[in-house]
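Close look at the chain arrangement
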Amino acid sequence: MEWDWNFVWEIMPTLLEGLKITILATVLGAAVAAAVGLVFAILRMTAPKPVAKVTGFIVEFIRGTPLLVQLYFIFYVLPDVGIRLPALLAGVIGLGLHYGTYAAEVYRAGIENVPRGQWEAAKATNLTGRQTWIHVILPQAIPPMIPALANYLIAMFKETPLLSAITVLELMNQAKSVANSSYRYIEPMTLVGIFFLIMSLISVVFLRWLEERYARVEER
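Read on for a plain summary of the structure. Worth saying up front: this structure is predicted, and the values here are computed from it rather than measured. (Residues numbered from 1 in each chain as written. Predicted model: local features only at pLDDT ≥ 70, side-chain atom pairs only at ≥ 80, totals over all residues. Heavy atoms only, no water.)

**Focus: the overall build of the protein chain**
A tally of helices and strands in the protein chain yields 8 helices and 0 strands. Written out in order from the N terminus, the α and β elements of the protein chain read α-α-α-α-α-α-α-α. Each principal axis of the C-alpha distribution contributes one length, and for the protein chain these read about 70 × 50 × 25 Å. Taking all 220 residues of the protein chain together, the buried fraction comes to 37%. In the protein chain, of all internal contacts separated by at least 6 residues, the share reaching a separation of at least 24 is 76%. Carbon and sulfur atoms make up 65% of the accessible area of the protein chain, which totals about 12,500 Å². For the protein chain, the distance from the average site of its 17 positive side-chain charges to the average site of its 16 negative ones is 12 Å. (Helix = DSSP H or I, 4+ residues; strand = E, 2+ residues; numbered from the N terminus. Buried < 20%, exposed > 50% of the residue type's maximum accessible area, 1.4 Å probe, protein only. Contact = heavy atoms within 4.5 Å. Areas by Shrake-Rupley, 256 points an atom, 1.4 Å probe, with all protein chains shown as cover. Lys, Arg positive; Asp, Glu negative; His and termini not counted. Charge placed at Lys NZ, Arg CZ, Asp CG, Glu CD.)

This is how it looks when you write it as structure tokens:
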């Protein structure tokens, strides 16, 4: 089958619409993962023992099951108990919860890396628990975590084709729709690969910039 540039320009708007949904799902999923991961990490480290154990079980359970199964559960099983979510929202929640468990371990490692003296100094200055976390611990713990969290962001972006399984019209779903209706697969699938490669390279460059910026801050 020969490459058809006319067909490429014809399907490009459709694929770009799918790319926008892919990027949106990634950004929103990353925001959910960052928030959920921080909550999981703090609960495992500071909550009463029963709560910490339950949180740990939830984290390990989500980490130990495939993302695709979780997406199916959120979108297809929850309606059986009266919880119906739009496809994109279900996808964002699935991505956020799944990667939030990985982010939780990154947060936990970063928080544990903060010297114990910082906690004691905050206590000595009569800071509340909330003030200690916001003004002392997290500002020191989060910067070293950024490269690891950015790696999970790239991984999340590459996982977004799974959202096509729950009818989200992201890039891969749009490409499959175009291919199935035209019986031409080489152009849409090649373009999908190119789009993912370009976005991944941009993410890698951004990650390297973050690492270099953090290294410069550490040197000061």
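Don't stop here, the text continues.
**A few points about the packing of aromatic side chains**
Per the stated rule, a full pass over the model turns up 10 aromatic pairs. Here the aromatic rings of Trp-5 and Trp-9 are separated by 6.0 Å at their centres, their planes lie at 25°, and the arrangement is stacked. Residue Trp-5 and its partner Trp-9 are located together in helix α1 (residues 5-46), separated by 4 residues, close to a single helical turn. For the residue pair Trp-5 and Trp-9, the accessibility class agrees, reading exposed in each case. (Phe/Tyr/Trp six-rings, centres within 6.5 Å; stacked < 30°, edge-to-face > 60°.)

**Here's the deal with helix α3 (residues 67-77)**
Here α3 has its buried residues at Leu-67, Gln-70, Leu-71, Ile-74 and Phe-75. Taken around the axis of α3, the buried residues stretch over an arc of 115°, which confines them to a single face. Where α3 is buried, its residues touch α2 (49-64), α4 (87-112) and α6 (129-159). (Arc of directions from axis to C-beta.)

**Brief notes about the packing of α1 against α2**
Where α1 contacts α2, the two axes come as close as 7 Å, and the packing angle between them is 140°. When the interaxial angle is binned, α1 and α2 end up oblique. The element α1 and its partner α2 pack so that their crossing is left-handed. Counting all contacts with α1, which are made through Phe-40, Leu-43 and Arg-44, the residues of α2 involved are Val-51, Ala-52, Thr-55, Gly-56, Ile-58, Val-59 and Glu-60. Classifying every residue of the contact of α1 with α2 by side-chain character gives 6 nonpolar, 2 polar and 2 charged. (Axes fitted to C-alpha atoms, helices over the stretch in contact; angles between N-to-C directions. Parallel < 35°, antiparallel > 145°, perpendicular 65-115°, else oblique. Left-handed = near helix turned anticlockwise from the far one by under 90°. Nonpolar A, V, L, I, M, F, W, Y, C, P; charged D, E, K, R; others polar.)

**A few points about the nonpolar core**
In this structure, Leu-95, Leu-163 and Ile-166 are the most contacted members of the largest nonpolar core, which totals 15 residues. Of all hydrophobic cores here, the second largest spans 14 residues; its members include Phe-7, Leu-171, Val-192 and Phe-195. (Core = buried A, V, L, I, M, F, W, Y, C linked by side-chain atoms within 4.5 Å.)

**Remarks on a nonpolar patch on the surface**
Where nonpolar side chains cluster on the molecular surface, the patch consists of Leu-68, Tyr-72, Phe-73, Tyr-76 and Val-77 and spans about 430 Å² of accessible area. By the secondary structure assignment, Tyr-72 is in helix α3. (Patch = residues over 30% accessible without salt bridge, like charges linked within 9 Å, V, L, I, M, F, W, Y side chains within 5 Å. Salt bridge = Lys/Arg side-chain N within 4 Å of Asp/Glu carboxyl O.)

**Here's the deal with the environment of Leu-78**
Looking at the element boundaries, Leu-78 is found in the loop between α3 and α4. In the structure, Leu-78 is positioned 54 residues away from Thr-132 in sequence and 38 Å away in space, judged by C-alpha atoms. Filtering out sequence-adjacent residues up to four positions away, Leu-78 remains in contact with Phe-73 and Ile-83.

**Section: the packing of α4 against α6**
One can describe the packing of α4 onto α6 by two numbers: an axis separation of 8 Å at closest approach and a directional angle of 140°. With respect to α6, the element α4 is oriented oblique. The chirality of how α4 crosses α6 is right-handed. Contacts between α4 and α6 involve Leu-95, Tyr-99, Tyr-102, Ala-103, Val-106, Tyr-107, Gly-110 and Ile-111 from the former and Trp-133, Ile-137, Leu-138, Ala-141, Met-145, Ala-148, Leu-149, Tyr-152, Ala-155, Met-156 and Glu-159 from the latter. Of the residues in the contact of α4 with α6, the class split is 17 nonpolar, 1 polar and 1 charged.

**Side note on unusual backbone geometry**
Positive phi, close to 75°, is recorded for Thr-167, a residue that is not glycine. Residue placement: Thr-167 occurs in the loop between α6 and α7 (171-182). A positive phi angle, close to 60°, is found at Tyr-183, a residue other than glycine. Counting through the fold element by element, Tyr-183 comes out in the loop between α7 and α8 (186-219). With a relative accessible area of 64%, Tyr-183 lands in the exposed category.

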